[in-house]
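Read off the chains here:
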Amino acid sequence: MAERILVIEDEQKIADFLRRGLTYEGFTVEVRLDGETGLKAARDTPPDLVILDVMLPGLDGWEVCRRLRAAGALPILMLTAKDAVPDRVKGFESGADDYVTKPFAFEELIARVRALLRRTRTVEETIARFADLTLNVTTREVTRGTRKIDLTTKEFDLLYFFMRHPRQVLTRELIYDRIWGYDFGGESNILEVYIRYLRTKLEQAGEPRLIQTVRGVGYALREE
């Protein structure tokens, strides 16, 4: 499945250029032209990476970056005309993973995008943690505290997807797409069944609930 990139850029020409170039490189690309709608898109359907302009109307890129970083470890590449050292420092302090200044060579941008995605995959391929929950992708072992939890393949995949996007609300449609790979037509209750399976196993020793229901939307991995 192609990796998804969300571009938040208010200059239409640059946004179109990035969409065309990244699509040609094999990515699935979504574009938003302001900070508010970009932040909402990232929260509603978490991408694999965000390319974020700093000078946005309304909510600026630094604030979008801070809010995205507070929600999880989503890779963020900041893109801006500002190249002064204090602006770069501010970008990194806001939580950006990398920083490219305009004008830029597309070859450099794509190299940085691929490097960030490789770095993310490397981290993901080892250990994922949330609260007292630990998931080892290599050995497919899951523990809560010191208690080992045995999961089926689909249960593991579903939990891992939640742990890749902690504290973010994941819609039912997104989960179906990423875990089952096709649309159940909205009538199937298979997701609810698997959520129940996971909760039963994760809360077997009376631990607090981590997979929360967001009524009318989907689910989120977060502490009560």
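The structure we're discussing is the one just above.
Residues numbered from 1 in each chain as written. Predicted model: local features only at pLDDT ≥ 70, side-chain atom pairs only at ≥ 80, totals over all residues. Heavy atoms only, no water.

### A closer look at the overall build of the protein
- Regarding its fold elements, the protein presents eight helices and twelve strands.
- Evaluated residue by residue, the protein yields a buried proportion of 49% over its 224 residues.
- Pairs at least 24 residues apart make up 57% of the contacts formed inside the protein by residues separated by at least 6 positions. (Helix = DSSP H or I, 4+ residues; strand = E, 2+ residues; numbered from the N terminus. Buried < 20%, exposed > 50% of the residue type's maximum accessible area, 1.4 Å probe, protein only. Contact = heavy atoms within 4.5 Å.)

### What about helix 3 (residues 61-71)?
- Turning to helix 3, its buried residues are Gly61, Trp62, Val64, Cys65, Leu68 and Ala71.
- Capping the start of helix 3, aspartate 60 holds a side-chain oxygen 3.1 Å from the backbone nitrogen of tryptophan 62, two or three residues further along. (Polar contact = N/O pair within 3.5 Å; in protein donor to acceptor, adjacent residues only side chain to side chain.)

### Some details on the packing of aromatic side chains
- Going through the model one piece at a time under the given rule, you end up with four aromatic pairs.
- When the centroid spacing of 5.7 Å and the interplanar angle of 75° are considered together, the rings of phenylalanine 17 and phenylalanine 106 count as edge-to-face. Linking phenylalanine 17 in helix 1 (residues 12-24) with phenylalanine 106 in helix 5 (residues 106-124), this pair joins segments that are 89 residues apart in sequence.
- Residue classification places phenylalanine 17 among the partly exposed positions, given a relative accessible area of 36%.
- In textbook terms, an aromatic cluster arises when at least three aromatic residues are bridged by ring pairs, as seen for Phe17, Phe104 and Phe106. (Phe/Tyr/Trp six-rings, centres within 6.5 Å; stacked < 30°, edge-to-face > 60°.)

### Remarks on the sheet that holds strand 2 (residues 28-32)
- Strands sit in the order 2-1-3-4-5 across an open sheet of five strands; the sheet is parallel. For this open sheet the edge positions go to strand 2 and strand 5 (98-101), each flanked by a neighbour on one side alone. Each adjacent strand pair in this sheet contributes to an overall mean axis angle of 20°, direction not counted.
- Here strand 4 (residues 76-80) runs beside strand 5; their pairing, made up of four bridges, is parallel. For threonine 80, the partnering residue across the bridge sits in strand 5 and is threonine 101.
- Across the sheet, helix 1 is in contact with strand 1 (4-8), strand 2, strand 3 (49-53) and strand 4; its angle to strand 2 comes to roughly 170°. (Pairing = 2+ DSSP bridges. Axes fitted to C-alpha atoms, helices over the stretch in contact; angles between N-to-C directions.)

### Comments concerning the sheet that holds strand 6 (residues 127-130)
- Across the sheet, four strands lie side by side as 6-7-8-9; this open sheet has antiparallel pairing. Looking at the sheet topology across the chains shown, the edges are occupied by strand 6 and strand 9 (147-149). Strand after strand, the sheet turns through a mean of 20° between neighbouring axes, direction not considered.
- Packed onto the sheet, helix 6 (residues 153-164) meets strand 6, strand 7 (133-136) and strand 8 (141-144) and runs at close to 115° relative to strand 7.

### Some points on the side chain of glutamate 207
- Among the structural elements, glutamate 207 can be located in the loop between helix 8 (190-202) and strand 11 (211-214).
- Residue classification places glutamate 207 among the buried residues on the basis of a relative accessible area of 15%.
- Looking at glutamate 207, its side chain comes within polar contact range of the side chain of arginine 147, at 3.0 Å.

### A few points about the side chain of arginine 4
- Residue placement: arginine 4 occurs in strand 1.
- Accessibility expressed as a relative area gives 14% for arginine 4, which makes it buried.
- A polar side-chain atom of arginine 4 sits 3.0 Å from a polar atom in the side chain of glutamate 30.
- Contact partners of arginine 4, with chain neighbours within four places excluded, come to Thr28, Glu30, Thr45, Pro46, Pro47, Asp48, Leu49 and Arg178.

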